[in-house]
Structure formats: structure tokens, C-alpha cells
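Residue-level structure breakdown
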Amino acid sequence: MQTAIMIVANYPLYIRSVPTQGELKFHYTVHTSLDVVEEKISGVGKALADQRELYLGLLYPTEDYKVYGYMTNSKVKFVIVVDSSNTSLRDNEIRSMFRKLHNSFTDVMCNPFYNPGDPIQSKAFDSIVSTMMVQAF
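In what follows, the accompanying structure is described. Starting from 1, residues in each chain are numbered consecutively following that chain's sequence as written. The predicted origin of the model limits local features to residues at a pLDDT of at least 70 and limits the giving and counting of side-chain atom pairs to 80 or more, whereas totals for whole chains, interfaces and linings rest on all residues. Side-chain figures throughout are based on the complete set of non-hydrogen atoms in the structure, without hydrogens or water.

**Some remarks on the pattern of salt bridges**
Rules: Whenever a carboxyl oxygen of Asp or Glu lies within 4 Å of a side-chain nitrogen of Lys or Arg, that contact is scored as a salt bridge. The secondary structure listing takes helices from DSSP runs of H or I that are at least 4 residues long and strands from runs of E that are at least 2 residues long, numbered from the N terminus. The rule is simple: take the accessible area with a 1.4 Å probe, protein chains only, and divide by the maximum for that residue type; under 20% is buried, over 50% is exposed, in between is partly exposed.
This model, assessed by the stated rule, comprises three salt bridges. A salt bridge links Asp126 to Arg16; its shortest N-O distance comes to 3.2 Å. Here the residue Asp126 occupies a position in helix α4 (residues 123-136), and Arg16 occupies one in strand β2 (residues 12-17), the gap between them amounting to 110 residues. Taking the relative accessible area as the measure of exposure, Asp126 reaches 30% and is therefore partly exposed. The exposure class assigned to Arg16 is partly exposed, which follows from its relative accessible area of 23%. Taking the shortest distance from any N to any O, the salt bridge between Glu93 and Arg90 comes out at 3.7 Å. You can call Glu93 partly exposed: its relative accessible area is 27%.

**Notes on the nonpolar core**
Filter applied, for reference: Think of a nonpolar core as a cluster: buried Ala, Val, Leu, Ile, Met, Phe, Trp, Tyr and Cys residues, connected wherever their side-chain atoms sit within 4.5 Å.
Counting residues in hydrophobic clusters, the biggest one holds 22 residues, and the most contacted among them are Phe78, Ile94, Phe98, Leu101, Phe105, Ile120 and Phe125. The set of elements that each furnish at least two residues to this core consists of β2, β4 (65-71), β5 (77-83), α3 (91-109) and α4. Per-element accounting of this core gives the leading share, six residues, to α3. Leu34, Tyr60, Val67 and Val79 belong to the second-largest nonpolar core, a separate cluster that totals 13 residues.

**As for the packing of aromatic side chains**
As a reminder, the rule being used: For Phe, Tyr and Trp, rings pair up if their centres lie within 6.5 Å, where Trp contributes its six-membered ring, and each pair is then called stacked (planes under 30 degrees apart), edge-to-face (over 60) or tilted (otherwise).
Across all of its chains, the model carries five aromatic pairs by this definition. Consider the rings of Tyr14 and Phe125, whose centres lie 4.9 Å apart with planes at 90°: the pair is edge-to-face. You can see Tyr14 sitting in strand β2 and its partner Phe125 sitting in helix α4, a full 111 residues away along the chain. One exposure class covers both Tyr14 and Phe125, and it is buried. Geometrically, the ring pair formed by Tyr55 and Phe98 is tilted, given 5.9 Å between the ring centres and 55° between the ring planes. With Tyr55 in strand β3 (residues 55-61) and Phe98 in helix α3, this residue pair connects regions lying 43 residues apart in the sequence. We classify Tyr55 as buried; its relative accessible area is 7%. Its relative accessible area of 0% is what places Phe98 among the buried residues. What links up through ring pairs into an aromatic cluster is the set Tyr55, Tyr70, Phe78, Phe98 and Phe105.

This is the structure:
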């Protein structure tokens, strides 16, 4: 699984993949998914309730992976890529993973020593992501 947090300029603040081989393919997948995120959020004629929904759901499935998306109110994008063979992971579990990521991301942003726009190098954030990846997979 890979977790990536991106800002509006599509600059990756945090990318983590397990296992680390083939990481370049994950980078490509995450950047490709940003186009799908933009399409979903710019949908014409959306109801107000839909615009407040942060979880974007399954962005697109490929032969090898499923790509899920989430966007905060401040337009920070979270992307999770999982193996297509992992059928035990349900939609509500992905949703709770995004909520945990969002809460941890908020904690990083509230740190007075963090400069917005810099890559996230927080050990606490990294341990939360690692724990989440181990529990889910």
C-alpha cells in the first residue's frame, strides 16, 4: 500500500510505499490519480451535500491496484493505493484510514516548527502511517 499527501500544486509532501521496490510506478499512479481527483471535485451541478464530502471513494481501479482519494477543505489531497487482490479491505475501513491520516496531518500542520510546503518528516506521523499499513495489510 502507498499513502501520499499532496497539496494543490500537486507537490508530494509525503509518499510512503511498502514494499519499496517499484516505487517509481507508485509515483506515476499517484500523480495520475490527481487528474481523477480534479475531475471529481470540479463536477458541474453537484449538490451542496456532495461538496462537503471529503472522502472521494474509489478513484479508479487498475489490473494491479485500486486507488482511493480524499481531499480536505483546504484542498490537500490524500491518495491511498492498495493491491486489487486485497478483497478484505472494505470502504468504511478506507474511510477510517483517511480520517486517521487527516487527524495526523492536522497535528503536523499545527506544529510550530513545521514550515508549510516542506516534505513531512515527522516521526510521529510516520509511525502512525506505518501502524495503519500493518493493521490494514
